[in-house]
Every structure is written in C-alpha cells, then in structure tokens.
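Inside the fold
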Amino acid sequence: MERSMMTVQRHILEQERTYPQASGDLTGLLWDLTIAAKRISHQVNRGGLGDIFGETGEENVTGDLVRRLDRIAQDTIYRAMDHGGHLCVMVSEESPDLVRIPAKYPKGKYVLIYDPLDGSSNIDANVSIGTVFSVHRRISTAGDGTMEDCLRRGSEQVAAGYFLYGSSTMVVYTTGQGVFGFTLEPSVGEFMLTHERIVTPPKGKYYSINEGNVSGWDEPTKRYVEYLKEKDPATGRPYSLRYIGSLVADFHRTLLYGGIFLYPSDHSNPQKPKPKLRLLYEVAPLAYIMEQAGGAALIGGERALDIQPTSLHDRVPIVMGSKQDVAQYEKFLGESKPVRAAARDGKTDGATKDSKNASTRFNSTSILET
Ligand code: AHG
Ligand code: MN
Ligand code: MN
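First, a word on scope: everything that follows refers to the structure included in this document. (Residues numbered from 1 in each chain as written. Chains lettered and ligands numbered in written order. Predicted model: local features only at pLDDT ≥ 70, side-chain atom pairs only at ≥ 80, totals over all residues.)

Another aspect to go through is the site of ligand 1. In the vicinity of ligand 1, the residues found are Asp64, Glu93, Asp115, Asp118, Gly119, Ser120, Ser121, Asn210, Gly245, Ser246, Leu247 and Lys276. Among the residues making up the shell around ligand 1, the classes are represented as 1 nonpolar, 6 polar and 5 charged. Summarising the domain contributions, the shell around ligand 1 has at least three residues from each of domain 1 (3–195) and domain 2 (206–359). (Near = placed C-beta within 6 Å. Nonpolar A, V, L, I, M, F, W, Y, C, P; charged D, E, K, R; others polar. Domains from an automatic or database assignment.)

Next up, the structure:
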C-alpha cells in the first residue's frame, strides 16, 4: 500500500494479523483510543477559545494539581474505552484505585493503563503535551480485572504508545515489532503513517533533565551532567540542553534525535530519596518504545522493563535514550550494587526488581552491548 494511504487503523490490523491466533481485539482497543485522542487533540487545538485552561481546585493521588484538561482527557478516554468489550479494567494517573468497567458492559481480555494528559504544567502556555498508554493481556480468566492484572513488569506489555499534541498531533506505538509514528491529517481526521520504523540514533548530542533540581541529584548524576558540558569535540561534547517539562515531548525528541533523558530521584533527604515519574503509565510504556527503537531505558542501572511494580502509582528514577549515551551514564553510576541501589531507590516508593528475574539483576548492560 502506498505509504501516504496507510492509516493507523490499517497498520494496527496488519500488525495484529501477523499473529495467527489474533482476534482483532487489540486493533479495536487501539482504534477506540485514537478516537479519544482525536477529541482531546481538538480541545487542545482550541486552546484559549475553549474551556481547558486553569485548575479544577483538586489534587490527584500523586499530589499534582488537577487541571481542567487533565479532567477532560481522563473522562474522554474513559468514555471511549469503557464499553468496547476489549478491557477488563483500567488504571489512570487520575484515579487512586483500579478504574472499573461498568457492570452493564462486557469484559475483555486486556488491561489499559494510561496517563490521560502528560505535561499538565505546559497546558496553558500552548506547549506540547501528550497522552501515554500501556496495554497488558489479563492474567485472571474472567469477570472484572484484578490488581494482579495491572501490577505487571513492562516487559509483559503487548502494546504501548503515546499521543503527542504538538505543532502537529501524532501517535507513536509499538506492539513489539518496531516503532511506528502517524500524524493526524486534520482535513480527513485520520492518523497517517509518517514515521516508518523509528530507530533511535546510537548516540546523540542533546541531554534532557530538569537542571533546576541539581542540588538533589546523586553524585554520579552530577558528575555525568558536568561531563556532558565539558568541551571535547572528539566525543561530541559539549551536549546541548533541551528540556520541555512534558515527558512525552522530551521523550519524542530523544527518540528521533537521540541523546539522553534523565529524571533522577531527589536526594535532598538522603534517608528518603524521592523519584518523580510513575512506573506504570509513564516509564514502562516509554521504556518499551525506546527499546523497540534500539535505545535503552534503565532504572538505577537495571533494565526498566524488568522492574516489578508493587502499587499502581509507584514512582521510579529513569534514564533513557541512545544506547551509547545511556551506557556512558551507567559508567558514571558505577558497577557497585549500593551505588545502583541508591540511584534506583525504588524501594522508597514500592517498586522492586522482579525476583523472577533475579538472575538477570545486574545484567542490564547486556541490552546496552547488543
Ligand atoms: P503529568 O503532567 O502527567 O503529571 O506529568 C508531569 C511529568 C512529566 O510530564 C514531565 O516530564 C515532568 O513531570 C516534569 O517535571 P518537572 O516540572 O519537575 O521537571
Ligand atoms: Mn505524566
Ligand atoms: Mn498526567
């Protein structure tokens, strides 16, 4: 098919057809999601003409102020996804507990985990924002989905992606067969294939981190960022800083251009380091995409996709991007377990290395060396 005529719906269907046992459910699920995203995109594009700016006056479960658009995006996705029969349960950044499928609707075999609106602090300034999603196949056999269906390692995802509401609206997704990007063609309201098999460059020239937080970083991260700023043309330094403050947008640039994105823990209280980004609906789906594009994603020196969540809103420190850049960061992190554990400090917020993968615990360099 001519590339310019490849819609995201057709693409997902063709990807799913490569599995002989496929039922079309995943295609239906992802298709429903694109409808929700088109509606959110429409609201975003209206900007100040609509009623999306400002706060609702509430705080969500992770302590963030809920903005009007957070609420609109949450409701839009929920209403698009609750009745299709593809899902048994959902998890959202905006809900403290499992998001149930109403009793009157059929339950399906998938779990949807999502960040309805990512980059909330940028909404009112017309800066790129996004939606992140992660899909798992349920473990339970029937009825409502369970907590166990949701608390899954990233490596078990069957699909992941994000919508980027930027200067154009895009969807980027993977089902484990590479990463594909589609751009919303406003004249026909379809996402058309524009980025075939995205591959992250092995090394980049940008670093992306909230440098205002430097006083709280661990020592290896401080030393690494100083290293990136040193002038050494032979190794491509100094790197340039790019930081938008919308994870989806910072990730998308890193995916396409290469380089490194870091959100380390805040060690201001060394007894209780605080990571920020959420494992299930921010880090795991983006780590899956980054690996599928040939990049790497690590949590305290461990492969991010191997980390076992222990609750829905676990937070973790993350480093992801070009393989060589992530490997370079790892050298600063050192090989010692205490240093890695200090950088990960997932225990402070629930996430752990999956014991099922204990034998691969310190093998994360293998994904960097391949
Ligand atoms: P959300 O808007 O979904 O709460 O996510 C905010 C996240 C993420 O988008 C971004 O990478 C990060 O917060 C920015 O945090 P800082 O403002 O602390 O840099
Ligand atoms: Mn977010
Ligand atoms: Mn959000």
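Read on for the rest.
What follows covers the sheet that holds strand 5 (residues 110–118). Sheet architecture is open: 8 strands sit in the order 4-3-5-6-7-8-9-10, paired in mixed fashion. Of all the strands in the sheet, just strand 4 (99–100) and strand 10 (190–195) have a single pairing partner and so form its edges. When strand 9 (residues 179–185) meets strand 10, the two strands line up antiparallel, connected through 5 bridges. Within the sheet, the bridge partner assigned to Leu184 lies in strand 10 and is Phe191. Its contacts with the sheet place helix 3 (residues 68–81) against strand 3 (87–92), strand 4, strand 5 and strand 6 (129–137), and it is angled at close to 155° to strand 5. (Pairing = 2+ DSSP bridges. Helix = DSSP H or I, 4+ residues; strand = E, 2+ residues; numbered from the N terminus. Contact = placed C-beta atoms within 7 Å. Axes fitted to C-alpha atoms, helices over the stretch in contact; angles between N-to-C directions.)

Okay, unusual backbone geometry next. Looking along the chain, the bond that leaves Arg237 and enters Pro238 is cis, with omega of 5°. With respect to the helices, strands and loops of the structure, Pro238 is situated in the loop between helix 5 (219–229) and strand 12 (240–241). A positive phi angle, close to 45°, is found at Arg197, a residue other than glycine. Its location among the elements puts Arg197 in the loop between strand 10 and strand 11 (206–208). By C-beta crowding, Arg197 is classed as exposed, having 12 other C-beta atoms within 10 Å. (Buried ≥ 20, exposed ≤ 12 C-beta atoms within 10 Å, placed from the backbone.)

Before going further, it helps to spend a moment on the nonpolar core. By size, the foremost hydrophobic cluster in this structure holds 94 residues, and its most contacted members are Leu87, Leu112, Ala287, Ala304 and Met320. For this core, the leading source of residues is helix 7 (residues 279–292), giving 10 residues. Each of domain 1 (3–195) and domain 2 (206–359) gives at least three residues to this core. (Core = buried A, V, L, I, M, F, W, Y, C linked by C-beta atoms within 7 Å.)

On the basis of which strands lie adjacent, the open sheet formed by 6 strands has the order 12-11-13-17-14-15 and mixed pairing. Two strands lie at the open edges of the sheet, namely strand 12 and strand 15 (302–303), each paired on one side alone. Across 4 bridges, the pairing between strand 13 (residues 260–263) and strand 17 (residues 318–321) is antiparallel. If you follow Tyr263 over to strand 17, its bridge partner there is Ile318.

What you see with strand 14 (residues 296–299) is no split at all: Ala296 and Leu298 on one side and Ala297 and Ile299 on the other are buried throughout. The sheet contact formed by strand 14 and strand 17 spans 3 bridges and is antiparallel. By the bridge assignment, Ala297 is partnered in strand 17 with Met320. Taken together, the 2 bridges between strand 14 and strand 15 define a ladder with antiparallel strand orientation. From the neighbouring strand, Leu298 faces strand 15, where its bridge partner is Arg303. Where strand 14 hands over to strand 15, the hairpin turn is made up of 2 residues, of which Gly300 adopts a positive phi near 55°.

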